Amino acid sequence: MSAPITFPPSLWAETAPTRMPTVALVGTVETDTVVIGGGFSGLSAALHLSKAGREVTVLEGQAVGWGASGRNNGQVIPTLTAAEPDMWVQRFGETGRKFAQLIGASAGMLFDKIREERIDAEAEQTGWFQPAHSAGRTKLSLNRTKAWQRFGLEVEYLDRAATCDLMGTDHWYGGMLAPSGGHINPLALARGLAGAVERNGGKIFEQTRVDSYTHDGTDWIVKTSNGTVKARALVLATNAYTGELAPRLARRLAQSIVPVLSWQMATEPLSDDLRAGLLKGRQAVSDTRGDLRFFRYDARNRLITGGAILGGGDVRARIARKVAANLADCFPQLAPPTMTHVWSGYLSMNWDRFPRVHQLGPNGWAWIGCNGRGVALGNALGREIARAIDGEDLRDLALPITEPQALPFHPIARRIAPLYLTWLQRKDRIDPKL
Ligand SMILES: Cc1cc2nc3c(=O)[nH]c(=O)nc-3n(C[C@H](O)[C@H](O)[C@H](O)COP(=O)(O)OP(=O)(O)OC[C@H]3O[C@@H](n4cnc5c(N)ncnc54)[C@H](O)[C@@H]3O)c2cc1C
């Protein structure tokens, strides 16, 4: 077994409510549904199933929220990075329409769930804004706004003056505002969801790595580091970390995506004076660049931001300098800020940036390929997979099922994937005609 992967600790590890670690699984357990992975997707599926009266057992190789769910930027976004809503209908017909509508509803669903379960996740439903970084990109923003409106998402297009007012700078040219979005403390949410699962009778075993799963014709048999679970239904919710803890776990799925390292960081808390003129509505923001500029306030008024970088050396120091310079470029009133926390995590990318839903066998489900938008979507898909396991007709569900396709030359794809950033940066500099 290779050495376990490690990531720098996040700001969220300091600010999320603490959670008592559970025991690891030892021995044999029988349950209705076994969930592999204790992030948003697995916990959301487990919560819906336990609330429906099903016996659920969650197996987490590290700790609840250890994966992307506990180390992301916490932006609750009701759209995807590339796949526009009409493209889902083109690919999957009526199921595609349902899926696009699920994406559009996902942010509102998540905030409702947080309120319903009374989870202390520092949730702020202040909206999500995607400003256009060039005049030419306003056309994309406007088209995207109209497309999502056709799918029932409440979004509006802000012109340049309204964008300057919202952002507190004239760096951007217009953009799409989704009032149902916002931001959360992601590790607090993961831990809160885990608490809700347990309150509803679900069992969680942390430090319990799954090495394999098979279907014996009747049940799923899941082998862990020190035990076995037998279950009628299975949810594989390991996403970008599929194969990272146990290299032989779901190889075709693991090879269908590339885990990409994304860096996150936090500034010192900003003064009241600065905040009065900088993103005063506290929206979550991710702009139209491929080499994305994104940020949101946390509950302590830090700006939580991040980015990606190529090359070696002291990567943490280099990315912190790059992102601080980007912020100062966007907001002249903000001198390049010092970053007090810098951390990273894997997100799962596939070649066309369409998330994938897979049926692994009888009552066996997985989804993979968040492409950086999995906070709201992971929670929504967890619910949808739970509904399938609970016996709802697949035709009524938003599950666009495909067969897993391993990327050709996966090890090479993994090595060269970071170079994609160079292509994105080049694309960012080309301004499409208005
Ligand atoms: C740095 C970063 C920033 C991001 N920012 C945003 C954002 O602002 N907004 C947004 O919408 N999305 C964002 N994302 C994406 C989002 O965080 C993810 O899509 C989402 O958290 C995925 O949740 P998940 O439950 O599917 O997977 P994860 O949270 O990754 O959970 C998978 C779990 O499976 C466990 N596991 C893996 N292998 C095994 C095994 N063999 N046995 C047992 N357990 C195993 C892991 O330990 C892990 O806890 C970001 C991602 C990253 C990395």
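Residues numbered from 1 in each chain as written. Predicted model: local features only at pLDDT ≥ 70, side-chain atom pairs only at ≥ 80, totals over all residues. Heavy atoms only, no water.

**Observations concerning the overall build of the protein**
A count of helices and strands for the protein gives 12 helices and 18 strands. Counting across all 434 residues of the protein, residues that qualify as buried make up 59%. Carbon and sulfur atoms form 52% of the exposed surface of the protein, whose accessible area is close to 17,800 Å². In the protein, 50 side chains carry a positive charge and 42 a negative one; their mean positions are 5 Å apart. (Helix = DSSP H or I, 4+ residues; strand = E, 2+ residues; numbered from the N terminus. Buried < 20%, exposed > 50% of the residue type's maximum accessible area, 1.4 Å probe, protein only. Areas by Shrake-Rupley, 256 points an atom, 1.4 Å probe, with all protein chains shown as cover. Lys, Arg positive; Asp, Glu negative; His and termini not counted. Charge placed at Lys NZ, Arg CZ, Asp CG, Glu CD.)

**Some points on the packing of helix α2 (residues 40-51) against helix α10 (residues 375-389)**
Viewed as axis vectors pointing N to C, α2 and α10 meet at an angle of 40 degrees, and their least axial separation amounts to 7 Å. The angle between the axes of α2 and α10 places the two elements in the oblique class. For the element pair α2 and α10, the recorded crossing hand is right-handed. Here Phe40, Ser41, Ser44, Ala45, His48 and Leu49 of α2 lie close against α10, whose contacting residues are Val375, Gly378, Asn379, Gly382, Arg383, Ala386 and Ile389. Residues of the contact of α2 with α10, tallied by class, amount to 6 nonpolar, 6 polar and 1 charged. (Axes fitted to C-alpha atoms, helices over the stretch in contact; angles between N-to-C directions. Parallel < 35°, antiparallel > 145°, perpendicular 65-115°, else oblique. Left-handed = near helix turned anticlockwise from the far one by under 90°. Contact = heavy atoms within 4.5 Å. Nonpolar A, V, L, I, M, F, W, Y, C, P; charged D, E, K, R; others polar.)

**Observations regarding the site of the ligand**
Taken together, 38 residues lie near the ligand, and Ser41, Glu60, Ser69, Val210 and Asn239 sit nearest. At 2.9 Å from a nitrogen atom of the ligand is found a main-chain nitrogen or oxygen belonging to Gly61. In the environment of the ligand, an oxygen atom lies 3.0 Å from a nitrogen or oxygen atom belonging to the backbone of Gly374. Considered on its own, the ligand offers 1,000 Å² of accessible surface; in the complex 98% of this is hidden by protein. Secondary-structure elements contributing two or more residues to the shell around the ligand are α2, β12 (258-267) and β16 (339-349). Within the shell around the ligand, the residues separate by chemical class into 15 nonpolar, 19 polar and 4 charged. (Near = heavy atom within 4 Å. Polar contact = N/O pair within 3.5 Å; in protein donor to acceptor, adjacent residues only side chain to side chain.)

**Regarding α2**
For α2, spanning 12 residues, the distance from its first C-alpha to its last is 16 Å, which sits close to the expected 16 Å at 1.5 Å a residue. Among the 12 residues in α2, 10 count as buried, and that is most of the element. Positive phi appears at Gly53, one or two residues downstream of α2, with a value of about 90 degrees. (Expected span 1.5 Å × (residues − 1).)

**Points about the sheet that holds strand β15 (residues 303-307)**
The sheet built from 8 strands is open, its strands ordered β5-β6-β4-β13-β14-β15-β12-β16 with mixed pairing. Sheet topology places β5 (156-158) and β16 at the edges, where each strand pairs with a single neighbour. Strand-to-strand twist in this sheet, taken as the mean axis angle between neighbours without regard to direction, amounts to 25 degrees. Of the strand pairs in this sheet, β5 and strand β6 (residues 175-178) are connected by 3 bridges, and their pairing is antiparallel. Its bridge partner lying in β6, Glu156 is registered against Leu177. In the packing of helix α5 (residues 160-167) onto the sheet, contacts are made with β4 (128-131), β5, β6, β13 (284-286) and β14 (294-297), and the angle to β4 comes to roughly 125 degrees. (Pairing = 2+ DSSP bridges.)

**Notes on the packing of aromatic side chains**
A complete count under the given rule lists 14 aromatic pairs for this structure. Seen in terms of ring centroids, Phe295 and Phe331 are 5.5 Å apart; in terms of plane orientation they differ by 75 degrees. Their pairing is edge-to-face. In this pair, Phe295 is assigned in strand β14 and Phe331 in the loop between α9 (315-330) and β16, connecting sequence segments 36 residues apart. Each of the two residues, Phe295 as well as Phe331, counts as buried. Taken together, the aromatic side chains of Phe7, Trp66, Tyr241 and Tyr346 make up a single cluster linked through ring pairs. Between Arg71 and the ring centre of Trp66, over which it is positioned, the NZ or CZ distance is 5.8 Å. Over the ring of Phe354 we find Arg91, and its NZ or CZ is 3.6 Å from the ring centre. (Phe/Tyr/Trp six-rings, centres within 6.5 Å; stacked < 30°, edge-to-face > 60°. Lys NZ or Arg CZ within 6 Å of the ring centre and 35° of its normal.)

**Side note on the side chain of Thr238**
Here Thr238 lies in the loop between β11 (227-236) and α7 (251-254). Within polar-contact distance, the side chain of Thr238 engages the side chain of Thr242 at 2.8 Å. Aside from chain neighbours lying at most four places away, what touches Thr238 is Ile36 and Leu249.

**What about the state of the cysteines?**
Throughout the structure, instances matching the rule amount to 0 disulfides. The structure places no disulfide on Cys164, whose sulfur is separated from the nearest cysteine sulfur, that of Cys330, by 12 Å. Note on Cys164: relative accessible area 22%, which makes it partly exposed. (Disulfide = S-S within 2.5 Å.)

**Some points on the environment of Arg296**
Locating Arg296 in the fold gives a position in strand β14. The exposure class of Arg296 is buried, given its relative accessible area of 1%. Within the local environment of Arg296, its side chain forms a polar contact with the side chain of His183, the two groups lying 3.1 Å apart.

**Some words on the pairing of strand β18 (residues 364-368)**
Most of β18 sits inside the fold, with 5 of its 5 residues counted as buried. As judged from the 3 bridges shared by β11 and β18, these two strands associate in the parallel manner. Bridged to Leu236 within β18 is Ala366. As defined by bridge partners, strand β17 (residues 356-361) adjoins β18 across 5 bridges and the pair is classed as antiparallel. When the bridges of β18 are listed, Gly361 appears paired with Gly364. Two successive antiparallel strands, β17 and β18, enclose a turn made up of 2 residues, where Asn363 displays a positive phi of approximately 55 degrees.

**Let's talk about unusual backbone geometry**
Located in the positive-phi region is Glu122, a residue other than glycine, with phi close to 50 degrees. Along the chain, the position of Glu122 falls in the loop between α3 (85-116) and β4. The backbone of Asn363 shows a phi angle near 55 degrees, a positive value even though the residue is not glycine.

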